[in-house]
Amino acid sequence: MFKILHTDGNARRGEFHTVHGVVQTPVFQNVGTIAAIKGAVSTMDLKEIGCQVELSNTYHLHLRPGDKVIKQLGGLHKFMNWDRPILTDSGGFQVFSLAGLRKITEEGVSFNSHIDGHKIFMGPEESMQIQSNLASTIAMAFDECIENPAPYKYVKDSCDRTYRWLVRCKKEMERLNSLDDTINKNQMLFGINQGGTFDDIRIEHMQRIAELDLPGYAIGGLAVGESHEEMYHILDVVLPHAPVNKPRYLMGVGTPSNIIESVARGVDFFDCVIASRNARHAFIFTRNGTMNLMNQKYELDTRPIDEECGCPACQHYTRAYIRHLFKAKEMLGMRLAVLHNLYFYNELMERIRKAIEEDRFEEFRRENVKKLAQRL
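Heads up: these notes are all about the structure in this document. (Residues numbered from 1 in each chain as written. Predicted model: local features only at pLDDT ≥ 70, side-chain atom pairs only at ≥ 80, totals over all residues. Heavy atoms only, no water.)

**Some thoughts on the packing of helix α9 (residues 228-238) against helix α10 (residues 256-263)**
Consideration 1: Between α9 and α10, whose axes approach to 10 Å, the crossing angle comes to 25°. Relative to α10, the element α9 is oriented roughly parallel. Along this stretch, α9 crosses α10, giving a crossing that reads as right-handed. Contacts between α9 and α10 involve H228, M231, Y232 and L235 from the first element and S257, N258, E261 and S262 from the second.
Consideration 2: Considered class by class, the residues forming the contact of α9 with α10 number 3 nonpolar, 4 polar and 1 charged. (Axes fitted to C-alpha atoms, helices over the stretch in contact; angles between N-to-C directions. Helix = DSSP H or I, 4+ residues; strand = E, 2+ residues; numbered from the N terminus. Parallel < 35°, antiparallel > 145°, perpendicular 65-115°, else oblique. Left-handed = near helix turned anticlockwise from the far one by under 90°. Contact = heavy atoms within 4.5 Å. Nonpolar A, V, L, I, M, F, W, Y, C, P; charged D, E, K, R; others polar.)

Below, the structure is given as structure tokens:
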């Protein structure tokens, strides 16, 4: 159940109740593709740095260790020792990212594994079955993430097929949730809006999937090459047609500025690999902008990464030391940087929630969008 506690303009402060706990929204989901955050970060660390929702990848976990193995071990929560909500994506993005290894039909998608080349077939039913085995809190519908730009007719035909896939996903999840051996019988399905950058297709698709009365709705197929202005335009066009009383999830987005601008348009859920990926290359987010710790100017800098930050790295180590760790290719440097960036993102969402509650979100937006994007 999703409950809106307060609004400030289009920005929404809410709570999403799940079988694995209550999620305070807007929320940034920490991405752990293969049931682990890259950078030697444990689930105990995730709790310490304020993570509410962990996100894992259906396709990758199906390949290894295998979703049936995870089911035998009690599901993803037990497997990775995490008792808070988990969202699993459907494998649909791999339809996009593994374009050279795929064949799309009405039934689903044939893949060649990127690991050893063996053939895989995944359709709506298979994706739901895998996610049911994983026993995640939220399962994403199986869809096609369309290349951008793409011809109008292809986008329209793809969205029609994605809608038909969503109907099949819903039916299969209802069946799976009724089985005696299903681990999480309260698993929820989120639908995904597609349509490239075509306003009419996006609107029609959102209207159609909204009629299915799902627990939540995502907007997919953005942050794949279009400009920020195009992305914001799509949000402006589509969100008025999304159910007001359901959470809205902008998939794969993004930078701190992207998140603030999207919250201003009514988005509740986010995820992106940028926080941890950039950290592993010494690219750091702070309240005053971004910094590259490999820069020479930090060699003798005894300040913490961010003097206003309460993360483990900033509480105990200096810029100079963490830079040294990166230069020496010591894993601790990467770990501390990932902890910092994820803490920063989780705290950013906390600050956004507080600003909405206090009816000062527009002021927060003006103060932070440009500042967070500047380079230090």
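**Brief notes about the environment of N186**
Consideration 1: Of note, N186 is situated in the loop between α7 (152-177) and β11 (188-193).
Consideration 2: In the structure, N186 is positioned 30 residues away from G216 in sequence and 14 Å away in space, judged by C-alpha atoms.
Consideration 3: Ignoring any residue separated from it by four or fewer positions in sequence, one finds N186 in contact with V19, T137 and N177.

**Focus: the side chain of T286**
Consideration 1: Considering the arrangement of structural elements, one finds T286 in strand β15 (residues 283-286).
Consideration 2: Using a relative accessible area of 3% as the deciding quantity, one classes T286 as buried.
Consideration 3: In this structure the side chain of T286 is engaged in a polar contact, spanning 3.1 Å, whose partner is the backbone nitrogen of N288.
Consideration 4: Ignoring sequence-local partners within four residues, the contact set of T286 consists of M291, I305, D306, F344, L372 and L376. (Buried < 20%, exposed > 50% of the residue type's maximum accessible area, 1.4 Å probe, protein only. Polar contact = N/O pair within 3.5 Å; in protein donor to acceptor, adjacent residues only side chain to side chain.)

**A look at the packing of aromatic side chains**
Consideration 1: The tally for this structure, following the rule as stated, stands at 14 aromatic pairs.
Consideration 2: A centroid spacing of 6.1 Å and a plane angle of 85° characterise the contact between F283 and F285, whose relative ring orientation is edge-to-face.
Consideration 3: Of the aromatic side chains, those joined through ring pairs into one cluster are F2, F16, F190, Y249 and F269.
Consideration 4: Above the ring of Y163, the side-chain terminus of R208 is found at 4.0 Å from the ring centroid. (Phe/Tyr/Trp six-rings, centres within 6.5 Å; stacked < 30°, edge-to-face > 60°. Lys NZ or Arg CZ within 6 Å of the ring centre and 35° of its normal.)

**What to know about the pairing of strand β5 (residues 54-57)**
Consideration 1: Side-chain alternation along β5 places E54 and S56 on one buried face and L55 and N57 on a second face that is also buried.
Consideration 2: Two elements, strand β4 (residues 27-31) and β5, share 2 bridges in a ladder whose sense is parallel. Across the sheet, the residue bridging to V31 is L55, located in β5.
Consideration 3: For the crossover from β4 across helix α1 (residues 43-48) to β5, the handedness is right-handed. (Pairing = 2+ DSSP bridges. Right-handed = clockwise from strand over helix to strand, strands pointing away.)

Keep in mind these numbers describe shape, not what the thing actually does.
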